[in-house]
Amino acid sequence: PPVFTPELQAEMTSIAISRLISNDMSELCIFHAGGSKHYYGLIDENSVPRPAYHVYEDYMQLSLRGGKRIELSLTPASHTDAPIKGIFAAAAKHDDGSYTVMLNPSQCDFHKRFVRVIIPVASNVTKLNSSVEQADVKIKRDRNQSWAELTIPLINRTRIELKP
């Protein structure tokens, strides 16, 4: 068996949460937050967050500020990019008009690729700013539908905050 380390805990937590969230799980509870020497806690005996805590923290952003799950589309950025395989994704719309998108290539065998993310947005949205520097967000419309489209380089688990 592998040696259990805080890094392995973070990797396993990342894979588990990304699979659960991207498959429509609506509630998640980590029952052993820590504060002890127990290896499965998110916080160690010195009250220092372990790497897995930051994974959990990223995903909890989906539910904050009245977050409601929304569907998204994830495709290769161009016809020359590799197919989307082993990348898990989830998105939420918040009461303040912002959006959170989580992308996780936790079971993907690549080093870097560009992906296109499309999420539905309210019809009154004209501009969204991204927390990811290299992401250019375009608002598009067709009849009664509006959506935001952005292309980003994906290397690791990435949380994207989109704000009006």
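In the block above lies the structure referred to throughout.
Keep in mind it's a predicted model, so treat the numbers as computed, not measured.

## Details of helix 2 (residues 51–60)
The α-helix winds at 3.6 residues per turn, so residues separated by three or four positions along the chain end up facing the same way.
Right, on to step 1. Along helix 2, the residues that are buried comprise Ala52, Val55, Tyr56, Asp58, Tyr59 and Met60.
Right, on to step 2. Turning to helix 2, the residues buried within the fold contact helix 1 (6–22), strand 4 (99–104) and strand 9 (158–163).

## Describing the sheet that holds strand 6 (residues 129–130)
Backbone-to-backbone hydrogen bonds join strands into a sheet, with any given pair of strands oriented parallel or antiparallel.
Right, on to step 1. Read across the sheet, five strands follow the order 1-3-4-9-6 without closing on themselves; strand pairing throughout is antiparallel. Across the chains shown, the open sheet's two edge strands, defined by having one partner strand only, are strand 1 (68–70) and strand 6.
Right, on to step 2. Alignment of strand 4 against strand 9, held across five bridges, turns out to be antiparallel. Along strand 9, the bridge assignment pairs Met102 with Arg159.
Right, on to step 3. Against the sheet, helix 1 contacts strand 1, strand 3 (88–93) and strand 4, and its axis sits at roughly 60 degrees relative to strand 3.

## Structural notes on the pairing of strand 4
Right, on to step 1. Counting buried residues in strand 4 gives six out of six residues, a clear majority hidden from the surface.
Right, on to step 2. Taking every second residue as pointing to the same face, both faces of strand 4 are buried, with Tyr99, Val101 and Leu103 on one and Thr100, Met102 and Asn104 on the other.
Right, on to step 3. Connecting strand 3 to the next strand, strand 4, in antiparallel fashion are five residues, including Gly97 with a positive phi near 90 degrees.

## Considering the pattern of salt bridges
Right, on to step 1. Here the structure, examined in full by the defined rule, presents 10 salt bridges.
Right, on to step 2. Here Arg159 and Asp58 are joined by a salt bridge, their closest N and O atoms 2.7 Å apart. Here the residue Arg159 occupies a position in strand 9, and Asp58 occupies one in helix 2, the gap between them amounting to 101 residues.
Right, on to step 3. You can call Asp58 buried: its relative accessible area is 13%.
Right, on to step 4. A salt bridge links Arg143 to Asp142, with the shortest nitrogen-to-oxygen separation between them at 3.9 Å.
Right, on to step 5. What makes Asp142 partly exposed here is its relative accessible area of 37%.

## With respect to the side chain of Glu149
Right, on to step 1. Relative to the assigned elements, Glu149 resides in strand 8 (residues 145–154).
Right, on to step 2. With sequence-adjacent residues up to four places away left out, Glu149 is seen in contact with Arg116, Val117, Ile118, Asp136, Val137, Lys138 and Lys140.

## Examining the nonpolar core
Right, on to step 1. Counting 24 residues, the largest nonpolar core has Leu103, Ile119 and Leu162 as its most contacted members.
Right, on to step 2. For this core, the secondary structure elements donating two or more residues are strand 3, strand 4, strand 5 (113–120), strand 8 and strand 9.
Right, on to step 3. When near neighbours in sequence (up to four residues on either side) are disregarded, Leu103 contacts Leu74, Phe88, Ala89, Val115, Val117, Ile152, Leu154, Asn156, Arg157, Thr158 and Ile160.
Right, on to step 4. With 13 residues, the next largest nonpolar core counts Ile21, Met60, Ala92 and Met102 among its residues.

## What about unusual backbone geometry?
Right, on to step 1. The phi dihedral of Ser47 is positive, around 65 degrees, even though this residue is not glycine.
Right, on to step 2. Of note, Ser47 is situated in the loop between helix 1 and helix 2.
Right, on to step 3. The class of Ser47 is exposed, set by a relative accessible area of 58%.
Right, on to step 4. Its identity is not glycine, yet Arg65 carries a phi of approximately 55 degrees, on the positive side.
Right, on to step 5. On the basis of relative accessibility, which here comes to 32%, the residue Arg65 falls in the partly exposed class.

Cut-offs and rules
- Residues numbered from 1 in each chain as written.
- Predicted model: local features only at pLDDT ≥ 70, side-chain atom pairs only at ≥ 80, totals over all residues.
- Heavy atoms only, no water.
- Buried < 20%, exposed > 50% of the residue type's maximum accessible area, 1.4 Å probe, protein only.
- Helix = DSSP H or I, 4+ residues; strand = E, 2+ residues; numbered from the N terminus.
- Contact = heavy atoms within 4.5 Å.
- Pairing = 2+ DSSP bridges.
- Axes fitted to C-alpha atoms, helices over the stretch in contact; angles between N-to-C directions.
- Salt bridge = Lys/Arg side-chain N within 4 Å of Asp/Glu carboxyl O.
- Core = buried A, V, L, I, M, F, W, Y, C linked by side-chain atoms within 4.5 Å.

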